[in-house]
Amino acid sequence: MNLKQRTKFWVDQNLITKEQQQKILKQEDRRFLPFVLLSFFWMGVFCFVVGCFSLCYEYWGVIPLWCKSIVFSFFSFLLMVLGYQSIRKRKKFLLEIVLFISFFIIGGGVGIFSQLFNLPITHVEGLLFWAFLSFILVFLAKREFLFLLWIPLFLGGLIGSFKLELLLLFFEQSPFFSIVLIESILFVIILTTKNLHTHFLNAVYKWSVLLYFGFLFLSLRGFSSVLESIVLFLFFTLLMMALAIKEKRVALFNVTGFFIFIRLVYLYFELFDNKHIAGVSFLFIGLFLLLFVLLWLFIEKKISARKESVLR
């Protein structure tokens, strides 16, 4: 239901007047165009940065070191001037652009200085240096976009510095325990950060949700028992769905429902060779879900009836 239909419903229910509906729609129309333009702008910036990164990565070894140093110095000086002007004239949007580009300039600077001074920096150490050097810059940003970029950068460097072979061996030896442990840690982080409204903690919350479902979906494919994997998957997804319903978080509920749907599709292909088992399994799942909905509606109806009787 879009905003026009929703406000029409409010008018029909005498919650707002027709004039108030028109004011709401006009206000949202004024906000919608800048939102669309800003979305295309950031999409264009993203594509431009990815294109520059791809070209630099491809021809990095061919470009002379003196050329890299001059270009890096020029862009650094230009960004400092733009940053100073944006702060002096209070141009918040320009400052956000400067911070965004500076974030990637720092990454390029790490690579250039390691070449210039022959520093023995590995890719993992480079990511950590990049994360630490851009830490203050990211916290100066008033939008959470840089936080969403910084967190995987830091985690990539941190996890890469560990012995990945030992971690993978641990997962292979104890898949059940490792999944329960990691999912429980991520769920605790989600519970802790869900109502905290700083940009950094919002980014932590979003990445935790993504890692929660991503790790759960990918790791359960290694189970030899389909029943064990689907039970474990449903336990953690229904746990997240219960949180979404309790907190009335529509986006979280939709993400959870999407991953359940994807897992059911994958389950069907897992059981595709034996269509009898696939048919029985999906009939059982379908009946369970339908009974769950009917039971929920019955309970909600009883609760509503009880509240009305109390009010009378």
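Notes on the structure in this doc start here. Note that this is a predicted model, so its numbers are computed, not measured.

A few words on the overall build of the protein. Scanning the protein from N- to C-terminus turns up 13 helices and zero strands. Starting at the N terminus and ending at the C terminus, the protein contains elements arranged as α-α-α-α-α-α-α-α-α-α-α-α-α. In the protein, the share of contacts with a sequence separation of at least 24, taken over all contacts with a separation of at least 6, comes to 61%. Accessible area of the protein: about 22,200 Å², with a carbon and sulfur share of 74%.

Moving on, we get to the pattern of salt bridges. Counted by the stated rule, this structure contains two salt bridges. Between E247 and K194 there is a salt bridge; the shortest N-O distance is 3.0 Å. With E247 in helix α11 (residues 226-247) and K194 in the loop between α9 (175-193) and α10 (199-219), this residue pair connects regions lying 53 residues apart in the sequence. Classification of E247 by relative accessible area gives partly exposed; the value is 23%. Across the pair K246 and E247 runs a salt bridge whose closest N-O atoms are separated by 3.7 Å. Here the salt bridges share partners, and the residues they tie into one network are K194, K246 and E247.

On to a nonpolar patch on the surface, then. The grouping of I245, F253, L291, F292, V293, L294, W296 and L297 at the surface amounts to a nonpolar patch, some 750 Å² of accessible area in total. The greatest single-element share of the nonpolar patch, amounting to six residues, is contributed by helix α13 (residues 275-311). Of note, F253 is situated in helix α12 (residues 250-270). What makes F253 partly exposed here is its relative accessible area of 35%.

How each quantity is defined
- Residues numbered from 1 in each chain as written.
- Predicted model: local features only at pLDDT ≥ 70, side-chain atom pairs only at ≥ 80, totals over all residues.
- Heavy atoms only, no water.
- Helix = DSSP H or I, 4+ residues; strand = E, 2+ residues; numbered from the N terminus.
- Contact = heavy atoms within 4.5 Å.
- Areas by Shrake-Rupley, 256 points an atom, 1.4 Å probe, with all protein chains shown as cover.
- Salt bridge = Lys/Arg side-chain N within 4 Å of Asp/Glu carboxyl O.
- Buried < 20%, exposed > 50% of the residue type's maximum accessible area, 1.4 Å probe, protein only.
- Patch = residues over 30% accessible without salt bridge, like charges linked within 9 Å, V, L, I, M, F, W, Y side chains within 5 Å.

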